[in-house]
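# Coordinate analysis (summary)
Spelled out from the first residue to the last, the chains are:
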Amino acid sequence: MNCSECSDIEPVEDAGELKMRPCPIPLANAIRAAGYKLTGSADTGLAAYASREELIDLLELLDGLQNEWATPLSLCIKGHTRRIPVERWLTLEQLSVRFASDNLVTIISNHDFCSHLQPIVNFNEEIVGFELLLRPLPQGSPFQPYELFEIARRTGFHSFLDRAARISAIETGKRLLPKGIKRFINFLPSSIYNPKYCLTHTFEAIHRLEEDPEDFVFEVVETENISDIRHLQSIFAEYRQQGMRVALDDVGAGYSTVEVMSRLQPDYVKIDRGLISFCDQDDRKQRSVLDIVNRAGSFGAKVLAEGIERREEFLFCRDIGIDLGQGYLFGKPDDKPPASFGNRA
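Residues numbered from 1 in each chain as written. Predicted model: local features only at pLDDT ≥ 70, side-chain atom pairs only at ≥ 80, totals over all residues. Heavy atoms only, no water.

### Details of the sheet that holds strand β11 (residues 268–271)
Selection rule: What makes two strands pair is DSSP finding at least two bridges between them. Only DSSP runs of H or I with at least four residues qualify as helices, and only runs of E with at least two residues qualify as strands; both kinds are numbered from the N terminus onward. Structural elements are reduced to axes, namely lines fitted to C-alpha atoms, with helices fitted over the stretch in contact, and the angle between N-to-C directions of any two is expressed from 0 to 180 degrees.
On the basis of which strands lie adjacent, the closed barrel formed by 8 strands has the order β6-β7-β8-β9-β10-β11-β12-β13 and mixed pairing. The average angle at which neighbouring strand axes cross in this sheet is 30 degrees, direction not considered. Sheet topology places strand β6 (residues 113–122) next to strand β7 (residues 127–136); 9 bridges connect them, and they run antiparallel. What sits directly across from Ile 120, in β7, is Gly 129.

### Some details on the environment of Met 261
Convention followed: Whether a residue is buried, partly exposed or exposed follows from its accessible area with a 1.4 Å probe, protein chains only, as a fraction of its type maximum: under 20%, in between, or over 50%, in that order. In this analysis, two residues are considered to be in contact whenever any of their non-hydrogen atoms come within 4.5 Å of each other.
Within the fold, Met 261 resides in helix α10 (residues 258–264). Residue classification places Met 261 among the buried residues on the basis of a relative accessible area of 0%. The spatial distance from the C-alpha of Met 261 to the C-alpha of Ala 296 is 7.9 Å, given a sequence separation of 35 residues. Not counting residues up to four positions away in its chain, the partners in contact with Met 261 are Leu 248, Val 251, Pro 266, Val 269, Ile 292, Arg 295, Ala 296 and Phe 299.

### A few points about helix α13 (residues 311–319)
Convention followed: Arc definition: directions from the helix axis to the C-beta atoms.
All of the buried residues in α13 are Glu 313, Phe 314, Phe 316 and Cys 317. Buried residues along α13 cover an arc of 165 degrees about the axis, so they all sit on one side.

### Remarks on the sheet that holds strand β3 (residues 45–49)
Pairing in this open sheet of 5 strands is antiparallel, and the strands run β2-β3-β1-β4-β5 from one edge to the other. In this open sheet, the two strands that pair with only one neighbour each are β2 (38–40) and β5 (90–91). For strand β1 (residues 16–21) and β3, the ladder comprises 5 bridges, and the chain directions are antiparallel. Across the sheet, Lys 19 pairs through a bridge with Leu 46, a residue of β3. On top of the sheet, helix α1 (residues 25–33) reaches β1, β2 and β3; it is set at about 145 degrees to β2, its chief contact.

### Here we look at the nonpolar core
Put simply, the rule reads: Among buried residues, those of type Ala, Val, Leu, Ile, Met, Phe, Trp, Tyr and Cys that are joined through side-chain atoms within 4.5 Å constitute a nonpolar core.
Of all hydrophobic cores here, the largest spans 56 residues; its most connected members are Phe 187, Tyr 239, Ile 271 and Ile 322. Counting residues per element, this core draws most heavily on helix α9 (residues 229–241), which supplies 5 residues. Excluding residues that lie within four positions of it along the chain, Tyr 239 makes contacts with Arg 166, Phe 187, Ile 192, Leu 199, Phe 203, Phe 218, Met 244 and Val 246. If you look at the next biggest cluster of nonpolar residues, it comprises 40 residues, including Ile 31, Leu 73, Leu 75 and Phe 143.

### Comments concerning the environment of Ala 152
Within the fold, Ala 152 resides in helix α5 (residues 145–155). Judged by its relative accessible area of 0%, Ala 152 is buried. Distance from Ala 152 to Val 105, taken between C-alpha atoms, is 7.3 Å for residues 47 residues apart in sequence. When residues no more than four places from it in sequence are discounted, the contact partners of Ala 152 are Ile 108, Phe 157, His 158 and Leu 161.

### Concerning the packing of aromatic side chains
Condition: Only the six-membered ring of Trp is used, alongside the rings of Phe and Tyr, when aromatic pairs are assigned; centres must lie within 6.5 Å, and planes under 30 degrees apart are stacked while those over 60 apart are edge-to-face, with the rest tilted. We call a charge positioned over a ring when the NZ of a Lys or the CZ of an Arg lies within 6 Å of the ring centre and within 35 degrees of the ring normal.
Taken as a whole and judged by the stated rule, the model has 8 aromatic pairs. Ring centres of Phe 123 and Phe 314 lie 4.9 Å apart, and the angle between their planes is 15 degrees; this geometry places the pair in the stacked category. With Phe 123 in the loop between β6 and β7 and Phe 314 in helix α13, this residue pair connects regions lying 191 residues apart in the sequence. For the pair shown, Phe 123 and Phe 314 are each scored as buried. Residues Phe 314 and Phe 330 carry aromatic rings whose centres are separated by 5.7 Å and whose planes lie at 70 degrees to one another, so their mutual orientation is edge-to-face. Here Phe 314, found in helix α13, pairs with Phe 330, found in the segment after β13 (324–326); they are 16 residues apart in sequence, far enough to count as distant. On the accessibility criterion, Phe 314 (1% relative accessible area) is buried. A residue is classified by how much of its surface remains accessible, and Phe 330, at 15% relative accessible area, is buried. Ring-pair connections join several aromatic residues into one group, and the members of that group are Phe 187, Phe 203, Phe 216, Phe 218 and Tyr 239. Above the ring of Phe 216, the side-chain terminus of Arg 183 is found at 5.7 Å from the ring centroid.

### Remarks on helix α6 (residues 158–176)
Each full turn of the α-helix corresponds to 3.6 residues, which orients residues three or four apart in the same direction. We apply this condition: Expected span, for any helix, means 1.5 Å times one less than how many residues it has.
With 19 residues, α6 extends 27 Å from end C-alpha to end C-alpha; this agrees with the ideal 27 Å at 1.5 Å per step. Buried residues dominate α6, accounting for 16 of its 19 residues.

### So, the pairing of strand β4 (residues 74–79)
In the sheet, β1 pairs with β4 via 6 bridges, with the strands oriented antiparallel. Within β4, the position partnered with Gly 16 by the bridge is Gly 79. When β4 meets β5, the two strands line up antiparallel, connected through 2 bridges. Residue pairing for β5: Ser 74 is matched across the bridge by Thr 91.

Printed below as a string of structure tokens:
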């Protein structure tokens, strides 16, 4: 585990040093020839910069030079006024994306986001849980969640963002929801290198807030290729050891295949909205949904239909024995539970 992956994101100071490794003699000579003061060794060089513009110019210089060496550069920005507890080493591409997307990186580093709730109902249309979804602050800078996570991935901050988003969801649930209501919270498998270490903050937040672990369901998002089944099984095992449940999101689309579902055997199976949309009118979709329901039933998972927008879809899912539903028919993501739920909170 590289501890810098989850450490706080330090702001880039207007003056400081850019550390680089390696720093072979030809590269060092080119940096000095461009007017930068360089110290250090061939293993690690330190180039001083006096302004953000100088730093960006230095990165552009390195971008033009790095192809001449077989070993990619690793870079770390060190300011003059702040002591960095854990050095964060990034690639040149990651740093370039950071400066090009400075507004989104600022949102990530400042935690300028919140969690909205979308209801999950049983097929008596009673709310039994909520999915907590990352959203902009009411008066904050706008962003699309997928865009924020993509920039976090490209800048090396996705572990930091994923952890912060989980904590935000836990705290929102504490503030707005009563005990006994399930809270479905997303996580990125690639952000969790060592489950026993990387999930510590999540478990500490649940215990600190005196929440019941049994109220939490942590779900794998569909956007990542699930290539290491054994690693994901170890993450599931860690959640379950703490008394929580796990879910596989968007089954039937993208990377969340029925085969992956059968190997992972999650506690909850969430069927992709693409299969649910107009499933009452599409024989092919009906066969796929029934296959998922039957396979999930073989290992005792509860099935949740996502993206329900029409009552006809709801009735079809209810009639074939699906346990739970989620979608605009029951409510859009909001910063508070629906009014009809208020007397329970």
